[in-house]
Structures are given as C-alpha cells and as structure tokens.
Amino acid sequence: MSALFRNIEVDLGTHGFCILVLESFAVALDQYRIKTKEQLLQQCTEIFELIQTVKPRYAILIDSFYKILCQVSSEKGSVAEIIESIDQIKKSVQHEMKDLLKAAETIEADGKTVLIYDHSHTVQNALHHLHKKGQRFNVLLAEQDLDKTEDNVEFFHTHKIPFKVVPAYMLSHLEETIDMAFFGAVTFQEGGRFVMDPGSKSIISELKLEGKKIFLFLTTSKFSLWPVKEKNSQIHVKSDIRAHHIMNKIEFERIKFSHDRVSVDLVDCVVTEKGIFKASELKKEFDRQMAQREKVEERIKMKLG
Amino acid sequence: MFLENFAQSSGLWIALVIFVLTFTGVVFEVFDKSVVAMVGAISLVLSGVLSFDQAVESINFEIIALLAAMMIIVEIAEESGLFTMINFKLAKFSKGNPFFIFLFFTLITAIGSAFLDNVTIVLIVVPITIALVRGLGYNPFIYVMAEIMISNIGGAWTLIGDPPNVLVGTAVGFSFNSFIVTLAIPIFLSILALLAAFYTIHWKDLKPIHHHLPKLFMSNVLLKKLEYKHQKTHLSKAYMTKVVIAFLLTILGFLFQGFLNLPIAVIAATGAFLLMLVVNKQIHAHHIFSKIEWSTLGFFAGLFVVVAGLEHSGILNVLAQSIVGMTDNFNLLILIILWASGFLSTLVNNVPFVTVMIPILMTVTGHYSGNPHADILWWALILGSALGGNGTVIGASANVIGVDLAQKNGLKISFLSYLKYSLPLTIVTLVISSAYLLIWANYF
C-alpha cells in the first residue's frame, strides 16, 4: 500500500493524491451496502488504521480521516452525510492550495534566475502562477532522478517557462547566476525538520553558504502532527540488475534513500496558505497545531471508547 | 546398388540423429530454439540429406507470412494503446469487484487469444490483473492461472489463435470458419468448465465485496490511478479507429475466405500492409519491422526443413503405417491421437510436435479416405495439442511467458503449484473434447 500511495503521490503531488484518495473513499461509500452503523464505523476505523501505517504518513489524509471518523461516530453519520463531508474536505484541500499561491504572489522573481531541484507540484504551481501574473524569470533545474527531472522539464516546456538543466553535482559552477531557490517538502516534522527529496539538504546547505535566498512551499495541512519515532530515513534498498554487454549481468546492491531531513533554520521563508513564515514563526504555528491535534485525538478516542 | 542402399540408409540415420538432436535442443532450451532449428536445417543440407532447393521448398511460406502479418497487426494495435484502453475500461466496468474482474479478464483473454496472438494477450492482461488484484488485498495467483490456461483454450478456437492451428489449418486447407464452427462447442464447454472450477474452489476470494468497505476503498484507489494514467496517455482516436477498422476487415476477410478464394496469409498480409500504409505518419515502418519476432519465424522455417529431412528419409511413412496398424477401431484412433498429442504437448512445445505429426497424419487420413469423418483425426490433433499445452508450465509459450511475467511482478508460480491446477483441468478439457469428437464421429 505504501508503494502504491507513494507512486500516485509522485505522479499527482501530495494534494492531488489526497484528493484522489478522498474521492475513492466517497465512491467506495456509495457502492457500500451498509448492514449496521457499527459495522460502518468498524470498517472506517480499519481504513483509518491502514492509512496510518502507510510510510511516509500523509498528514492531510490522516487529518481528513480524523474528521470523517468524528462524523461516522456522531449522529450525523449516514452514508450520504459522510459523502457530503468528504466533498467539503476535498474542497478545503483544493482551496488551501489557491491561498498558498496567493501568498506566493508577494515574491519578487521578475528578471531573476530561480533554482529548483525537487519534484514538487506545489513549486511547479507557484512558478506557473507567478509566470501567469506577468513575472518573467528563468528557471535553473538541477537534475535528480530522471523521471522526476523529466516531469519538471515537461511541465516548464508545456507552460512556456524558460529553463535550463544542470546536473545537481555541477551546481557550484553556476552559483553566481542563481538569485533564489524554490523548494517543496513532503511534510514538516516535530523538531523543526522538513522531509524533502533526497539531495535537497546538500543543495540547500550550499546555497545557504553562498547567501542565496531560499523559499520553501508547504501548506500547513501537511504538518506531521505526531511524534517522530524513526530516525532512519532509509526506505528503499534494492538490488539492481543491469545488462553488461548483451548476456552478462552484473548484480550489485544500490542503496537509495527516499528522503532528506532538512532543518527549518536553513530556509529563509516558508510560503504557506496562511502567509509567509520565518523559521521561528513556523515552529510556533506547528506547536499550536500539534496542541490542537492532541485535543481532537483525545476526543475521538473517547468517542470510539 | 549397395552404394545406393548405403546412401539411403545413412541418409535415414543422419536425418533421424539431426531430428533427435534438434528436438532435444528445443525441449531443453540450452540454446535459443530458433538457432537450434536453423542449425538442424543447415546440417541436413551440409550432410546431403536434402539439397538446398529441397530445403527451401520444404518451408511453408504461407505460415511464415501469416504469422509475420499477424505480428504486424498486433504490434500496431498495441502501439495505438487499444489494448490498454480495453483493459482500463474492463477494470472500470468491474468497479473493482473480484467476481467481475475474474470474469471480464478471463473472457477478454479467451476472446483476445482467439483472434490475436495469445502470448501478446497474456503479456498485456497479466501485469494489469496482478496490480489490480493485489491492490485489493487478494492473491492474484488464481487470476493469473486462469488467464494463462484460458489463453490456450481461447487460442485453440481459431485458425490464427495458436501456431499449431496455423500449421494444421494451412497444411490441410481448413478454413477460418471451419475452425470457429467445429471447435465452438468443445472450446465453449472447456471455458465454462474452467470458470466453474475456479469460482467453486475459490468462491471465498471471488465473491462480490459490497459489504467490505476497506476492499471497496482500495479497489477504487486503484481504479482512480488507472484512470489518471489512462487520461495522461494521449491516445489518438484516429489512429485507434484505423487499427480497429483494419483489424475488423482482416477478420471479415478470414470469415469470407471461401468467397474471396485467397490464401489466408494473403488476407492477413493485405490487412497488415494496408494498416502500415494508413498509420505510416504515426508509426515508422522500421519500428514495426523491428518488432516482428524474427527468431520465431526462423524457428518455424528451420523446423520445416528438419521435418522435411525426416519425411525425405521415409521414417515418417513408417511411423504413419504403424499408427494405422495399431488399431482398426476409428474411435480408438481418435482417442489415441487426442490423448497422445495432449500428453506430449504437456511435456514438449506443441509446435515441433504438430509439425512432425502433420505428414504422419496426412498418410493416416489417406488410409481413411473413404470415411466421411476422417477429418476428425485432424481436429483431435488440434484440440489435443492446444489443450494439452495447458498441462504444465512448459507446455505452451503463453504459460512460460505468463509465469515469467508473474514472477517479474512479484508473484511466484512454481512448477508444482501450476501443476496442481493445470493437470486436473487439462484432463477435464480433454475429456470434454473426447466426448465431443466421439459423439460427432458416431452420431453425425
């Protein structure tokens, strides 16, 4: 399930993926032949538990299912009413992306060179939005996994945004030409760390050293509002078999990490749907939401007995 | 006189040794089977058993042309995205319900295998089934097993569905329609028996999931994924329409072969080249030609020469005489051919086996020329070799490819786990065919 979710998220971005999952749940509810309310609650809880086991954990989904579970256990818990609430949640997820883009409008990128590295749909949308608003800038695309880079290339080509591609390990040769850098993140965790595409940490550190302005785009709904248990970010360790000549195969172990953990202090500005935050402000917002979440969790636990 | 006899007997032995070595090489696949067949063929020429002209004349170019033409049509159809689209529509229509996923995917495999190459159908259907079924939290094993087996049964239905049918059909002159009409009943009953067996044994896994919200949820996530993937692929309607029209025209050509009075290979080649012409802007001819399985065609060509060597030496005639001498009971002969070809096809690739059997059966049916039901022996060979191919993992190309593909997608199907299902079901389908052929021979 983790692989499936990750796969979809890579294609659609976190917001798109979460909307797809919510839509799927609504359709499933529509097809479901309910026997008893207790059974519905039990099966919804099963799904919620499944979603919580997925790695990485998707904060938007976990939040949404908290809300759904609240409703299923309440008196307004008929299937039709739940489907209606899912629709509302979906709309609010879509809306917060619009708010984030509005906040991004204050960034002055006109005539500048913007470095991007990771495969973030939020960054893509932000750049497209600024371009639509009349800002003319050049994108310098630092290469990473081929499929992710190619998707970025396709995006900029489709939206007629001028871009150049450079291997990430050759960035030091172009540092002077870079004015600012845009990054996306999977989530923001307890301890003030962003979970980002692998390789982001070294590029951000390099740019920080050179005094370049670093923007990070993330909706607050993607905050991981739970304690971090794992410290190891290694998810994929796989053996690759590649052809050498025609018939001989070389088997070797290729170690691949799924994410980097990057401290918020390395980032200058975090663009969210609630506005642009400095590092310290973002930490405060996280703590506020975390406290709020703990209250909701307790309420649900009490309801579910 | 002595020298002539010596030359004749040494020719016989050389042909036999080359045949046995080639056959062993093909069965054990130590080398690529096309290379083995070609080496066998050239050895016959080098040893003087056959002259170069005789070797070339022994190749049935109608079969080679028909196979090449169908490969072209299938390749262009695959490139158009038609198969992926059909798979997506089926998955969507099933609404993630295992009962319907099983039914739709096995039936489309059967129909697809009848009118296209069954290996291609397995290549397309198996990965999508594994992804869909595994996403639902089920084990895709039974789905893949059923698809592989049904691809062989469906492939047996038409002249173009399975290479042994092409071999027999073109050698004996059976029309496309005669295959469809003659084999409809045993094939339909075999499919029904297979579906009934799977549904009965695995009802727990195949029953509808209306009351299981987590499974409904997961199946809808998967369907949505398929949907956006499908939407993301820019399919050209014009391209697809051309493919569908050309394919339908080719099938119509097959159906009206008698009226057109054209060899079936000419009809297929017309369809293939016309299609290449109309899609010339969308897909380059070089690409299509590069996708033709030349090694398969080479395998067939080499095999024809090796069997011609045997024929030339007179061994096949001796074999045919001994089969005729075995019994004068026609019913028993039908059963011997059906079950022997069924049994042998479970162990060895049915293509070389049928290639050898054709000249033998030509002589045998010659002995029954007065019997209006003599052709039933050919149908026994066709049904036996096609259905017997289901018996083990190595019995048919679709099995090997299907199992291999399943493994690549993380589903291990061992020889024994395959055998547990395939052997009893193969016996059931052979019993159905036996009953059908005997009723036909005795009551019609």
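Throughout, residues of each chain are indexed from 1 in the direction in which the sequence is written. For this description, chains carry letters from A and ligands carry numbers from 1, given in the order in which they are written. Note on the predicted model: pLDDT of at least 70 is required for a residue's local features to be given, and 80 or more for side-chain atom pairs to be given and counted; whole-chain, interface and lining totals, by contrast, use all residues.

**Q** Just to check I follow, could you spell out the sheet that holds strand 10 (residues 260-263) of chain A for this structure?
**A** Two orientations exist for strands paired in a sheet by backbone hydrogen bonds: parallel and antiparallel. Residues and elements named next belong to chain A. The strand order across the open sheet built from 3 strands is 5-6-10, with neighbouring strands paired in antiparallel fashion. Two strands lie at the open edges of the sheet, namely strand 5 (187-189) and strand 10, each paired on one side alone. Neighbour-to-neighbour, the strand axes of the sheet open up by a mean angle of 35°, direction not taken into account. As defined by bridge partners, strand 5 adjoins strand 6 (residues 193-196) across 3 bridges and the pair is classed as antiparallel. Directly across from Thr187, in strand 6, lies its bridge partner Val195. Here the contact rule is simple: place C-beta atoms from the backbone, and any two residues whose C-beta atoms are within 7 Å are in contact. Axis lines are fitted through C-alpha atoms, for helices just across the contact stretch, and the angle between N-to-C directions can take any value from 0 to 180 degrees. Secondary structure elements follow DSSP: runs of H or I of four or more residues count as helices, runs of E of two or more count as strands, with numbering from the N terminus. Where helix 7 (residues 200-209) meets the sheet, its contacts fall on strand 6 and strand 10, and the angle it forms with strand 10 comes to roughly 30°. The pairing criterion is simple: DSSP has to find at least two bridges between the two strands.

**Q** I would appreciate a short explanation of the packing of helix 5 (residues 82-94) of chain B against helix 6 (residues 98-115) of chain B in the present structure.
**A** To characterise two packed helices, one gives the angle between the axes of the helices and the distance between these axes. Residues and elements named next belong to chain B. Two numbers describe how helix 5 lies on helix 6: the axes approach to 9 Å, and their chain directions differ by 155°. By the criterion of interaxial angle, the relationship of helix 5 to helix 6 is roughly antiparallel. Read as a crossing pair, helix 5 and helix 6 show a hand that is right-handed. Where helix 5 approaches helix 6, its residues Ile86, Leu90, Phe93 and Ser94 are matched on the opposing element by Phe100, Ile101, Phe104, Phe105 and Ile108. Under this scheme an angle from 65 to 115 degrees is roughly perpendicular, one under 35 degrees roughly parallel, and one over 145 degrees roughly antiparallel; angles in between are oblique. Handedness of a crossing follows from how the near helix is turned relative to the far one, being left-handed for an anticlockwise turn of less than a right angle and right-handed for a clockwise one.

**Q** Please explain the interface of chain B and chain A as it appears in this structure.
**A** Many descriptions give the size of an interface as the accessible area lost when the pieces come together. With 13 residues of chain B in contact, the opposing surface of chain A contributes 19 residues. In this classification, the charged set is Asp, Glu, Lys and Arg, the nonpolar set is Ala, Val, Leu, Ile, Met, Phe, Trp, Tyr, Cys and Pro, and all remaining amino acids, among them Gly, are polar. In terms of residue class, the side of chain B that touches chain A is built from 6 nonpolar, 4 polar and 3 charged.

**Q** Sorry if this is basic, but what is going on with helix 17 (residues 294-313) of chain B here?
**A** Residue and element names in this part refer to chain B. Spanning 20 residues, helix 17 covers 29 Å between terminal C-alpha atoms, matching the ideal 28 Å at 1.5 Å per step. Most of helix 17 sits out of view: 15 of its 20 residues are buried. Directly after helix 17, the chain includes Gly314, whose backbone phi takes a positive value near 90°. Multiplying 1.5 Å by the residue count of a helix minus one yields the expected span of that helix. Residues with at least 20 other C-beta atoms within 10 Å of their own are called buried, those with 12 or fewer are called exposed, and the rest are partly exposed. The C-beta atoms themselves are positioned from the backbone.

**Q** I keep staring at the sheet that holds strand 3 (residues 163-167) of chain A and nothing clicks. Help me out?
**A** Residue and element names in this part refer to chain A. Spatially, 3-2-1-4-7-11-12 is the arrangement adopted by the 7 strands of the open sheet, whose pairing is mixed. Each edge of the open sheet is held by one strand with a lone partner, namely strand 3 and strand 12 (275-277). The average angle at which neighbouring strand axes cross in this sheet is 25°, direction not considered. Note: strand 7 (residues 213-217) against strand 11 (residues 269-272), 3 bridges, orientation parallel. From the neighbouring strand, Phe217 faces strand 11, where its bridge partner is Val271. Where helix 5 (residues 121-132) meets the sheet, its contacts fall on strand 1 (113-116), strand 2 (138-143), strand 4 (180-184) and strand 7, and the angle it forms with strand 4 comes to roughly 135°.

**Q** Which parts of the structure should I look at to understand helix 4 (residues 61-79) of chain B?
**A** Residue pairs three or four apart in sequence face the same way in an α-helix, which turns once every 3.6 residues. Residue and element names in this part refer to chain B. Under the 1.5 Å per step criterion, the end-to-end length of helix 4 is 27 Å for 19 residues, consistent within 8% with the ideal 27 Å. Taken together, the buried positions of helix 4 are occupied by Ile63, Leu66, Leu67, Ala68, Ala69, Met70, Met71, Ile72, Ile73, Val74, Glu75 and Ile76. Backbone geometry just after helix 4 places Gly81 at a positive phi near 85°.

**Q** Mind showing me how you'd approach the packing of helix 2 (residues 37-53) of chain A against helix 3 (residues 59-72) of chain A here?
**A** Residues and elements named next belong to chain A. Direction vectors running N to C along helix 2 and helix 3 enclose 170°, while the axes themselves pass 10 Å from each other. Regarding the angle of helix 2 to helix 3, the classification is roughly antiparallel. Seen from above, helix 2 lies across helix 3 with left-handed handedness. Residues Leu40, Leu41, Cys44, Thr45, Phe48, Ile51 and Gln52 of helix 2 lie in contact with helix 3, whose contacting residues are Leu61, Ile62, Phe65, Ile68, Leu69 and Val72. The residue makeup of the contact of helix 2 with helix 3, split by class, is 11 nonpolar, 2 polar and no charged.

**Q** Can you walk me through the nonpolar core in this structure?
**A** Only buried residues count toward a nonpolar core: Ala, Val, Leu, Ile, Met, Phe, Trp, Tyr and Cys, linked into one set through C-beta atoms within 7 Å. In this structure, A:Phe182, A:Leu216, A:Phe217, B:Ala69, B:Leu377, B:Ala380 and B:Leu381 are the most contacted members of the largest nonpolar core, which totals 213 residues. Ranked by residues supplied to this core, first place goes to helix 1 (residues 2-31) of chain A with 13 residues. Domain delimitation follows an automatic or database domain assignment. The two domains that each donate at least three residues to this core are domain 1 (2-100) and domain 2 (101-288) of chain A.

**Q** Mind showing me how you'd approach the environment of B:Leu430 here?
**A** Residues and elements named next belong to chain B. Looking at where Leu430 falls in the secondary structure, it is placed in helix 23 (residues 415-443). Its 24 C-beta neighbours within 10 Å are what place Leu430 among the buried residues. Those residues in contact with Leu430, other than ones at most four positions away along the chain, are Leu338, Trp339, Gly342 and Leu387.

**Q** Is there a simple way to think about the environment of B:Ile264 in this case?
**A** Residues and elements named next belong to chain B. Its location among the elements puts Ile264 in helix 15 (residues 264-278). In this structure, the C-alpha to C-alpha distance between Ile264 and Thr250, residues 14 residues apart in sequence, is 9.7 Å. Leaving out residues up to four positions away in the same chain, Ile264 has contacts with Leu66, Leu159, Thr170, Phe176, Phe254 and Gln257.

**Q** Would you take a moment to explain the environment of A:Tyr32 for this structure?
**A** Turning to its location among the elements, A:Tyr32 is positioned in the loop between helix 1 and helix 2. Taking the number of C-beta atoms within 10 Å as the measure of exposure, A:Tyr32 has 19 and is therefore partly exposed. Once you skip the residues sitting within four places of it in the chain, A:Tyr32 turns out to touch A:Val79, B:His210, B:Leu213 and B:Leu216.

**Q** Mind showing me how you'd approach the pairing of strand 1 of chain A here?
**A** Side chains on a regular strand alternate between the two faces of the sheet. All names here are of chain A. One ladder, built from 4 bridges, connects strand 1 with strand 2; its direction is parallel. Bridged to Ile116 within strand 2 is Leu141. The pairing of strand 1 with strand 4 spans 3 bridges and is classified as parallel. Among the inter-strand pairings, Ile116 is bridged to a residue of strand 4, identified as Phe182.

**Q** For this particular structure, what's the right way to read the pairing of strand 11 of chain A?
**A** Residues and elements named next belong to chain A. Sheet analysis places strand 11 next to strand 12, joined by 3 bridges and oriented antiparallel. Each residue of the ladder has a partner; that of Thr272, found in strand 12, is Gly275. Linking strand 11 back to strand 12 in an antiparallel pair, the connection comprises 2 residues.

As far as function goes, none of this settles anything; it's purely spatial.
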